[in-house]
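So the chains spell out like this:
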Amino acid sequence: MADAVEAEIENPKSGRRTGKTVILIIVVLTLGLGGLVAGYFAANVIAADPDYLRKQNEPELVLRDDGSMATTLARLTGDQPKSKFQESAYKATYYPMKEPFTSNLKNSASFAQLSISIATYYDEQVLHNMEEHETAIRSAILLTLAEQENAALNTPQGKQMLQKILTREINKVLKEKTGFAGAHNVYFTSFVVQ
């Protein structure tokens, strides 16, 4: 029996196995605890801001490339100007609607035919959303156009008012379908009232 005890003490392999097992257990516990801590903080961030996940997928404004050092640094760091929105600081992108719109006008035998492009200062996500939901946008535009009166559309002020109304309606469709609007203006590329 004394020989067996001496054999255990002198056997270095037995000690190595125990040491490796202890190290493995420590590593597993550390990783598990790290995962729990990370999960706790992530859950608190999401719980503190219920719109957190939605905001991660929102389009971003695209800065105008004016060649200045400030614009270059802002683009590299991802900083967006925090002050009031200034169109001159951002790059406009246009989404031309593929086909013209033709609609009868309210309380009249006249009709209007127009083509439009939609302007946005956001990234390609908004353009993708416009393309994906073009049918719903077209429908909203046609319904809006049918509510317009002939006399109003024959004045510059009436056309400018229609631009604002169409922009609002397009944003309403985009917000409903994607959770984010993004259209800043509507521009007429042709406009005929007969």
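Please read all numbers here as calculations on a predicted model, not as lab measurements.

**Student:** Which residues make up the overall build of the chain, and what values do they have?
**Tutor:** Along the chain, the regular secondary structure elements total eight helices and four strands. For the chain, contacts bridging at least 24 residues in sequence account for 66% of all contacts bridging at least 6. Carbon and sulfur atoms provide 58% of the accessible area of the chain, an area that totals close to 13300 Å².

**Student:** Could you give me a rundown of the packing of helix H6 (residues 134-146) against helix H8 (residues 156-178), with the residues and numbers involved?
**Tutor:** Following both chains from N to C, one finds H6 and H8 inclined at 145°, their axes separated by 9 Å at the closest point. Seen along the crossing, H6 lies across H8 with a hand that is right-handed. Of H8, the residues touching H6 (which contributes Ala-136, Ile-137, Ala-140, Ile-141, Thr-144 and Leu-145) are Leu-162, Ile-165, Leu-166, Glu-169, Ile-170, Val-173, Leu-174 and Lys-177. In the contact of H6 with H8, the residues fall into 11 nonpolar, one polar and two charged.

**Student:** Would you mind going over helix H5 (residues 124-132) in detail, with residue names and values included?
**Tutor:** Within the span of H5, buried status applies to Val-126, Asn-129 and Met-130. Looking straight down H5, one finds its buried side chains confined to an arc of 100°; they lie on one side. In H5, the exposed positions angled more than 90 degrees off the buried face are occupied by Glu-124 and Glu-132. Each element contacted by the buried residues of H5 is listed here: strand E1 (93-96), strand E3 (111-120), H6 and H8.

**Student:** Can you break down the side chain of His-133 residue by residue, with the values?
**Tutor:** You can see His-133 is positioned in the loop between H5 and H6. Aside from chain neighbours lying at most four places away, what touches His-133 is Lys-177 and Thr-178.

**Student:** Tell me what's going on with the packing of aromatic side chains, and back it up with residues and numbers.
**Tutor:** Taken as a whole and assessed by the stated rule, the structure comprises three aromatic pairs. Ring centres of Tyr-122 and Phe-180 lie 4.9 Å apart, and the angle between their planes is 85°; on these two criteria the pair is classed as edge-to-face. In this pair, Tyr-122 sits in the loop between E3 and H5 while Phe-180 sits in the loop between H8 and strand E4 (185-193), placing the two residues 58 residues apart along the sequence. Like Phe-180, Tyr-122 is buried. Aromatic side chains Phe-188 and Phe-191 sit 4.8 Å apart centroid to centroid with 85° between the ring planes, which places their arrangement in the edge-to-face category. Given a relative accessible area of 22%, Phe-188 falls into the partly exposed group. Seen from the ring of Phe-101, Arg-138 lies directly overhead, with NZ or CZ sitting 4.2 Å from the centre. A cation over an aromatic ring shows up here: Lys-159 above the ring of Phe-191, its NZ or CZ 5.1 Å from the ring centre.

Calculation rules
Residues numbered from 1 in each chain as written. Predicted model: local features only at pLDDT ≥ 70, side-chain atom pairs only at ≥ 80, totals over all residues. Heavy atoms only, no water. Helix = DSSP H or I, 4+ residues; strand = E, 2+ residues; numbered from the N terminus. Contact = heavy atoms within 4.5 Å. Areas by Shrake-Rupley, 256 points an atom, 1.4 Å probe, with all protein chains shown as cover. Axes fitted to C-alpha atoms, helices over the stretch in contact; angles between N-to-C directions. Left-handed = near helix turned anticlockwise from the far one by under 90°. Nonpolar A, V, L, I, M, F, W, Y, C, P; charged D, E, K, R; others polar. Buried < 20%, exposed > 50% of the residue type's maximum accessible area, 1.4 Å probe, protein only. Arc of directions from axis to C-beta. Phe/Tyr/Trp six-rings, centres within 6.5 Å; stacked < 30°, edge-to-face > 60°. Lys NZ or Arg CZ within 6 Å of the ring centre and 35° of its normal.

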